[in-house]
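Examining the three-dimensional arrangement
Residues per chain are reported as follows:
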Amino acid sequence: MSNIAERWQNIREKVDTVTKEAGRSPDSVMVLAVSKTFPAADVRAAWAAGAREFGENYVQEGVEKLNELADLPAIWHFIGPLQSNKTRPVAEHFHWVHTVDREKIAQRLNDQRPAHLPPLQVCLQVNISADPAKAGVSITELANLAHRVTQLPNLTLRGLMTVPALDLSETELGAQFAQMQQAFLTLQAAYPSVDTLSMGMSDDMTLAIRHGSTCVRIGRGLFGHRERKGNSNDH
Ligand SMILES: *Cc1c(COP(=O)(O)O)cnc(C)c1O
């Protein structure tokens, strides 16, 4: 068995165990395989092991990779920072975007989504740590942005995503995850399409799942060491 296959099974088992311990149904948490900087061959190995949903951070790299892997019916999630001049390839190629944090980006994705494709599935990125260095809508602006997104016919609002600050204590992190869970439940009560809370990475996935995460994003824990240095959303 390849290293990637072995790690995939370990991650999936760990997620299932934590999910069960949290009293949640076993299939309620998706593992998003974050393949940024890793080659298409690694994505194939993860696919063969059972991964079905993949996350990319960089527009050009992501589009090249998903074109190369067009024979796989994988689901592609854009999880990187999104500038307005880069929205078109994302709208044209990805199934999901986790990082919508302002109306202008949402409007452009809506306008650029090709008519022959289903709506783009959207999570709003929340800057839960109120970290000036991080992207994301503030908790106070969230309801307004969510309302705007639900008015756009080529987008479907699926939920929320967050990347907390790095320097938090376990207690602070738990408090922020709890805030995210509350915001998610409020949003879900208002909009029936909302079912996704994209929260938690390798080091904090247990805490995130206890606070209702439905999607943990795992990169290096699955694919191994990453050579290239990433950006501000990259840990
Ligand atoms: C890179 C990245 C991940 C995965 O991080 P790893 O350290 O590789 O596990 C998860 N979420 C986001 C938003 C990322 O940019």
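Residues numbered from 1 in each chain as written. Predicted model: local features only at pLDDT ≥ 70, side-chain atom pairs only at ≥ 80, totals over all residues. Heavy atoms only, no water.

1. Brief notes about the overall build of the protein
Defined as follows: Helix numbers and strand numbers start at the N terminus; a helix is a DSSP run of H or I with at least 4 residues, a strand a run of E with at least 2. Three labels apply to residues, based on accessible area from a 1.4 Å probe with only protein chains included: buried if under 20% of the type maximum, exposed if over 50%, partly exposed otherwise in between. The contact criterion used is simple: two residues touch if any of their non-hydrogen atoms lie within 4.5 Å. A 1.4 Å probe and the Shrake-Rupley method give the accessible areas. Residues count as covered only by the protein chains that appear here. Neither His nor the chain termini are counted; the positive set is Lys and Arg, and the negative set is Asp and Glu. Charge positions are represented by NZ for Lys, CZ for Arg, CG for Asp and CD for Glu.
The number of helices and strands found in the protein is 9 helices and 8 strands. Counting across all 235 residues of the protein, residues that qualify as buried make up 53%. A sequence separation of at least 24 residues applies to 59% of the contacts in the protein between residues at least 6 apart. Here the protein has roughly 10,800 Å² of accessible surface; of this, 50% comes from carbon and sulfur atoms. The protein carries 24 positive and 26 negative side-chain charges, and their two centres are separated by 3 Å.

2. As for the packing of aromatic side chains
Rules: Pairing of aromatic rings covers Phe, Tyr and Trp, the last through its six-membered ring, and needs centres within 6.5 Å; plane angles under 30 degrees mean stacked, over 60 mean edge-to-face, and all others mean tilted.
Throughout the structure, instances matching the rule amount to 3 aromatic pairs. Taken together, a centroid distance of 5.1 Å and an interplanar angle of 25° make the contact between Phe38 and Phe223 stacked. Note that Phe38 is positioned in the loop between strand 1 (30-34) and helix 2 (40-49) and Phe223 in helix 9 (residues 220-223), a separation of 185 residues in sequence. Taking relative accessible area as the criterion, Phe38 reaches 6% and is therefore assigned buried. Residue Phe223 is classed as buried on the basis of its relative accessible area of 6%.

3. Quick look at the site of the ligand
Formally: For each residue, the test is whether any non-hydrogen atom lies within 4 Å of the molecule or strand; if one does, the residue is near. Polar contact is the term for a pair of N or O atoms within 3.5 Å; when the atoms are in protein, one must be able to donate a hydrogen and the other to accept it, and sequence-neighboring residues count only if both atoms are side-chain atoms.
Taken together, 16 residues form the shell around the ligand, and within it Lys36, Asn57, Arg217, Arg220 and Arg226 come nearest. In this structure, Lys36 approaches the ligand through a side-chain N or O atom, which is 2.7 Å from an oxygen atom. Within the contact set of the ligand, an oxygen atom lies 2.8 Å away from a side-chain nitrogen or oxygen of Asn57. Protein contacts shield 98% of the accessible area of the ligand, which totals 380 Å² for the unbound molecule.

4. Side note on the pattern of salt bridges
Quick note on the threshold: A carboxyl oxygen of Asp or Glu within 4 Å of a side-chain nitrogen of Lys or Arg is what we treat as a salt bridge.
For the coordinates displayed, the defined rule picks out 8 salt bridges. Of the charged contacts in the structure, one is a salt bridge between Glu61 and Lys65, with a shortest N-O distance of 2.8 Å. In this pair, Glu61 and Lys65 are both assigned in helix 3 (residues 59-68), 4 residues apart and thus about one turn of the helix distant. Neither residue differs from the other here; Glu61 and Lys65 are each classed as buried. Among the salt bridges present, the one from Glu92 reaches Arg88, with a minimum N-O distance of 3.8 Å. With Glu92 and Arg88 both in helix 4 (residues 87-93) and 4 residues apart, this pair spans about one turn of that helix. You can call Arg88 partly exposed: its relative accessible area is 45%. Taken together, the salt bridges that share partners define one network made up of Glu56, Glu61 and Lys65.

5. Thoughts on the side chain of Glu61
For Glu61, a relative accessible area of 14% translates into the label buried. Within the structure, Glu61 has its side chain in polar contact with the backbone nitrogen of Thr37 (distance 2.6 Å).

6. Regarding the environment of Asp16
Within the secondary structure, Asp16 is located in helix 1 (residues 3-21). Remark: the alpha-carbon pair of Asp16 and Arg108, spanning 92 residues in sequence, is separated by 37 Å. A polar atom in the side chain of Asp16 sits 2.8 Å from the side chain of Arg12.

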